[in-house]
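Residues per chain, in single letters:
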Amino acid sequence: MSAAGAARREAPGRVLDAAVVGVALVVLAVTLPDAGGASAPLLIGVLAAVVLVWLVAGARAVGGGPLWPAVAAVLLAAGLVGTLQSPAFATFQIIAFPLLWLVTPGFRSAVAVNALLAVTVGTGYAVGTSLPAALVTEGLSLALSLAMGTWITRIQTRSTERQRLIDRLTAAQEQLAALHREAGTVAERERLARELHDTLAQSLTGVVMLAERAQARHPDDAALGILHDAARRAMAEARGLVAASAGIPLEGGLAAALQTLAERFRRETGLVVRTSCTASVPRSCEVVLLRCAQEALANVRKHARAEVVTIDVRTADAATVLTVEDDGLGPGSGEGFGLPGMQDRLALVGGAVELEP
């Protein structure tokens, strides 16, 4: 946070501290002329104690902080002691009621503590004046405090709910933007897959055929054998890239798309691929799971040396789990782009990747 941002954050606290000090001086100015000579030092000490406690502990008492009982106790004691010395000290409620609303946790607790302040101040006020006057004064003061506190509490509650909705909307917009970026990435990968299939893969197929013909004419030429093997490996890699990037329709749902993916993989590699899908997931998650299955099969093709692959999608512990197993060597080291790509995709929907031998 910048220095300016920190200053804006701390400004309300400084303003409130200044308000406490200012009201204390006003109460002192109003009370001292009516107080006896012996009461003046006590009143000054009471107000000084209130100001000191607030400046020291107020920040850790706001909103039901750990020191709120101490601050509330000091305010209640000051109200009783001050009004016992001078009825004019009842003006102390101008700041005491708002501070109690500010530090007390919960609406009911705030109402109870405000009522207790009215009782303590009213007790001292009744001693200096009369019980009817104390009842009227404190009744009106408490009613005004409860009305203002309830109004402010409702505003704060609505503001909190509005902020929560704004945060949820912002998170949804960020997720939607990420999904749009993912959709654009998928579309670009599919375009590149078509380009690879129509250009590089076709050219490599031609190179393999030419190498086979040349090797048939010159069977003793070792260089032609090396060329033939290299061309076949390059063609297999190109087809693997095409298979990992090509689009698969989801019109029939995730189960049908996985079957299509498995059949395509079987035709290209000769591996047995079994699929099972018993989970019901949203469309956006279907796309993510399908792409992860493609990446996993590409990893099997490149590293596992397997004969049988199983793809299973099911619901477990309120989550959707995609499991890809093979009977070969297991997943690769993850140094390429496949596994990090899966992690990025799953992060968009709150998922994660786990690799096991």
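Every value quoted in this text rests on a predicted model; they were computed, and no experiment measured them.

### Some remarks on the packing of aromatic side chains
Part 1: Per the stated rule, a full pass over the model turns up two aromatic pairs.
Part 2: Seen from their ring centres, Phe89 and Phe92 are 5.2 Å apart, and the 25 degrees between their planes marks the pair as stacked.
Part 3: For Phe92, a relative accessible area of 2% gives the class buried.
Part 4: Centroid distance Trp101 to Phe107: 5.8 Å. Interplanar angle 45 degrees. Geometry classified as tilted.
Part 5: Residue classification places Phe107 among the partly exposed positions, given a relative accessible area of 39%.

### Digging into the confidence of the model for the protein chain
Part 1: Averaged over every residue, the pLDDT of the protein chain is 80; the share at 70 or more is 87%.
Part 2: Segment residues 1-12 is flagged for pLDDT under 50; beyond a separation of four residues in sequence, or across chains, it makes three contacts in the model.

### Concerning the pattern of salt bridges
Part 1: Using the criterion set out here, one finds three salt bridges in the structure.
Part 2: We note a salt bridge from Asp312 to Arg314, for which the minimum N-O separation is 2.6 Å.
Part 3: Asp312 gets classed as buried once you look at its relative accessible area, which sits at 11%.
Part 4: It is possible to trace a salt-bridge network through shared partners that takes in Glu263, Arg266 and Arg267.

### A closer look at the layout of surface pockets
Part 1: Each pocket or cavity is described by its volume, and for the largest pocket that value is around 970 Å³.
Part 2: Where the lining of the largest pocket is concerned, the elements lending two or more residues are helix 9 (283-304), strand 3 (319-326) and helix 10 (338-348).
Part 3: Broken down by element, the residue count for the lining of the largest pocket peaks at eight residues, all from strand 3.

### A word on helix 2 (residues 39-57)
Part 1: Helix length check: helix 2, at 19 residues, gives a terminal C-alpha distance of 27 Å against a target of 27 Å (1.5 Å per residue), a fit within 8%.
Part 2: All buried positions along helix 2 are accounted for by Ser39, Leu43, Val46, Leu47, Val50, Val51, Trp54 and Ala57.

### Points about the environment of Val324
Part 1: With respect to the helices and strands, Val324 occurs in strand 3.
Part 2: Note on Val324: relative accessible area 27%, which makes it partly exposed.
Part 3: With 12 residues separating them in the primary sequence, Val324 and Asp312 have C-alpha atoms 6.5 Å apart.
Part 4: Contact partners of Val324, with chain neighbours within four places excluded, come to Ala296, Val309, Thr310 and Ile311.

Criteria and cut-off values
- Residues numbered from 1 in each chain as written.
- Predicted model: local features only at pLDDT ≥ 70, side-chain atom pairs only at ≥ 80, totals over all residues.
- Heavy atoms only, no water.
- Phe/Tyr/Trp six-rings, centres within 6.5 Å; stacked < 30°, edge-to-face > 60°.
- Buried < 20%, exposed > 50% of the residue type's maximum accessible area, 1.4 Å probe, protein only.
- pLDDT = per-residue confidence, 0-100.
- Contact = heavy atoms within 4.5 Å.
- Salt bridge = Lys/Arg side-chain N within 4 Å of Asp/Glu carboxyl O.
- 1 Å grid on protein atoms, 1.4 Å probe; cavity = no way out; pocket = protein on both sides within 12 Å on 5 of 7 lines; lining within 4 Å.
- Points joined across faces, edges and corners; volume = space filled by probe spheres on them.
- Helix = DSSP H or I, 4+ residues; strand = E, 2+ residues; numbered from the N terminus.
- Expected span 1.5 Å × (residues − 1).

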